[in-house]
Amino acid sequence: MKKKNIHSFDFYCLLFFVLSFAGWVWEVVLHLFTSHAFINRGVYKGPYLPIYGVGGLLLSFFLKRFRKNPPLVFALSLMICSVLEYFTSWFLERKWGVRWWDYSGHFMNLKGRICLMGALVFGAGGTALVCWFVPAYEKWVEKLPVKLRLTVCVISLVVFAADAAHAEIRPNVGEGITSEEEN
């Protein structure tokens, strides 16, 4: 009988924060090369971009069963991430009247919210995540003591909640962070 692998809350909480941090690092490094400046990207002040965490959790939930089929994982990751990115852009703009990204100058963009190059990058990233990173992460997390995992989760959630509350009043905006002037 095949063992069904069901993970606990701390597994997904830590995965969310690892992926949110990895997304933040990706964007900071990308802007270091393109703008030659350190820019703290995203709505929050902390070193995380929740869209990457949410996207990664969606991919790990829904695409786990396709791990052995990377081309399918690539196509589905491309679609799921593009939909998430489009609607996140729309939501953030409606909520604060500001755009945190704008692909208007990129080839095959849709209202500047998503573009072909971004979709391809997310497809590749999703494939790496689902087919290689999450299986390695599963083995790594199992080695950590439960008490440590839960402590890190609680601390991360408290800091994140405080940052989210602060962002409600003063989201992270400005030159290089958002594509429009602050309202």
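A brief structural summary.

About the cut-offs
Residues numbered from 1 in each chain as written. Predicted model: local features only at pLDDT ≥ 70, side-chain atom pairs only at ≥ 80, totals over all residues. Heavy atoms only, no water. Helix = DSSP H or I, 4+ residues; strand = E, 2+ residues; numbered from the N terminus. Rg over C-alpha atoms; globule rule 2.2 N^0.38 Å. Buried < 20%, exposed > 50% of the residue type's maximum accessible area, 1.4 Å probe, protein only. Contact = heavy atoms within 4.5 Å. Areas by Shrake-Rupley, 256 points an atom, 1.4 Å probe, with all protein chains shown as cover. Axes fitted to C-alpha atoms, helices over the stretch in contact; angles between N-to-C directions. Parallel < 35°, antiparallel > 145°, perpendicular 65-115°, else oblique. Left-handed = near helix turned anticlockwise from the far one by under 90°. Nonpolar A, V, L, I, M, F, W, Y, C, P; charged D, E, K, R; others polar. Phe/Tyr/Trp six-rings, centres within 6.5 Å; stacked < 30°, edge-to-face > 60°. Lys NZ or Arg CZ within 6 Å of the ring centre and 35° of its normal. Salt bridge = Lys/Arg side-chain N within 4 Å of Asp/Glu carboxyl O. Core = buried A, V, L, I, M, F, W, Y, C linked by side-chain atoms within 4.5 Å. Expected span 1.5 Å × (residues − 1). Patch = residues over 30% accessible without salt bridge, like charges linked within 9 Å, V, L, I, M, F, W, Y side chains within 5 Å.

1. A closer look at the overall build of the protein chain
Looking only at helices and strands, the protein chain features five helices and two strands. Ordered by position from the N terminus, the helices and strands of the protein chain form the series α-α-α-β-β-α-α. Its C-alpha radius of gyration of 17 Å places the protein chain within 12% of the 16 Å reference for a compact globule of 183 residues. Judged by the C-alpha coordinates and their principal axes, the protein chain covers about 55 × 35 × 30 Å. Taking all 183 residues of the protein chain together, the buried fraction comes to 43%. Intrachain contacts of the protein chain at a sequence separation of at least 6 include 71% that bridge at least 24 residues. In the form shown here, the protein chain has an accessible surface area of approximately 11000 Å², with 70% of it arising from carbon and sulfur atoms.

2. Regarding the packing of helix H1 (residues 9-35) against helix H2 (residues 50-63)
Taken N-terminus to C-terminus, the directions of H1 and H2 make an angle of 130 degrees; their axes are 7 Å apart at the nearest point. It follows from the interaxial angle that H1 and H2 lie oblique. Regarding H1 and H2, the two cross each other, and that crossing is right-handed. Mapping the contact onto sequence places Tyr-12, Leu-15, Phe-16, Leu-19, Ser-20, Gly-23, Trp-26 and Glu-27 in H1 and Pro-50, Tyr-52, Gly-53, Val-54, Gly-56, Leu-57, Ser-60 and Phe-61 in H2. Residue classes in the contact of H1 with H2 are distributed as 10 nonpolar, five polar and one charged.

3. Some remarks on the packing of aromatic side chains
Within this structure, the stated rule accounts for 16 aromatic pairs. Between Tyr-86 and Phe-87, the aromatic rings sit 5.4 Å apart at their centres with planes inclined by 80 degrees, giving edge-to-face as the arrangement. A relative accessible area of 15% means that Tyr-86 is categorised as buried. Ring-pair connections join several aromatic residues into one group, and the members of that group are Phe-11, Tyr-12, Phe-61, Phe-133, Tyr-137 and Trp-140. Residue placement shows Lys-95 over the ring face of Trp-96; its charged tip is 5.0 Å from the ring centre.

4. Focus on the side chain of Asp-10
The residue Asp-10 is located in helix H1 in this model. Once residues within four sequence positions are removed from consideration, Asp-10 is found in contact with Arg-149, Leu-150 and Cys-153.

5. Here we look at the pattern of salt bridges
Counting across every chain of the model gives eight salt bridges. With a shortest N-O distance of 2.9 Å, Arg-99 and Glu-93 are connected by a salt bridge. The exposure class of Arg-99 is buried, given its relative accessible area of 9%. One salt-bridge network, held together by shared partners, links Glu-93, Arg-99, Asp-102 and Arg-113.

6. A word on the nonpolar core
Buried together is how nonpolar side chains tend to be arranged in soluble globular proteins. Ranked by internal contacts, the top residues of the largest apolar core, which has 34 residues, are Leu-15, Val-43, Leu-59, Leu-92, Trp-100, Tyr-137 and Phe-160. Among the secondary structure elements, those contributing two or more residues to this core are H1, H2, helix H3 (70-96), helix H4 (116-143) and helix H5 (146-169). Discounting chain neighbours no more than four positions away, the residues touching Phe-160 are Phe-16, Phe-17, Tyr-44, Tyr-48 and Pro-50.

7. What about H5?
When the terminal C-alpha atoms of H5 are compared, their 35 Å separation across 24 residues agrees well with the 34 Å that a helix rising 1.5 Å per residue should span. For H5, the complete set of buried residues consists of Arg-149, Cys-153, Phe-160, Asp-163 and Ala-167. Among the structural elements, H1, H2, H3 and H4 are those in contact with the buried residues of H5.

8. Remarks on a nonpolar patch on the surface
Taken together, the side chains of Trp-26, Leu-30, Phe-107, Met-108, Leu-116, Met-117, Leu-120 and Val-121 present a nonpolar region at the surface, about 780 Å² in accessible area. Elements that contribute at least two residues to the nonpolar patch include exactly H1 and H4. No other element matches H4, which puts four residues into the nonpolar patch. You can see Val-121 is positioned in helix H4.

Take it as geometry only, folks, not as evidence of what the structure does.
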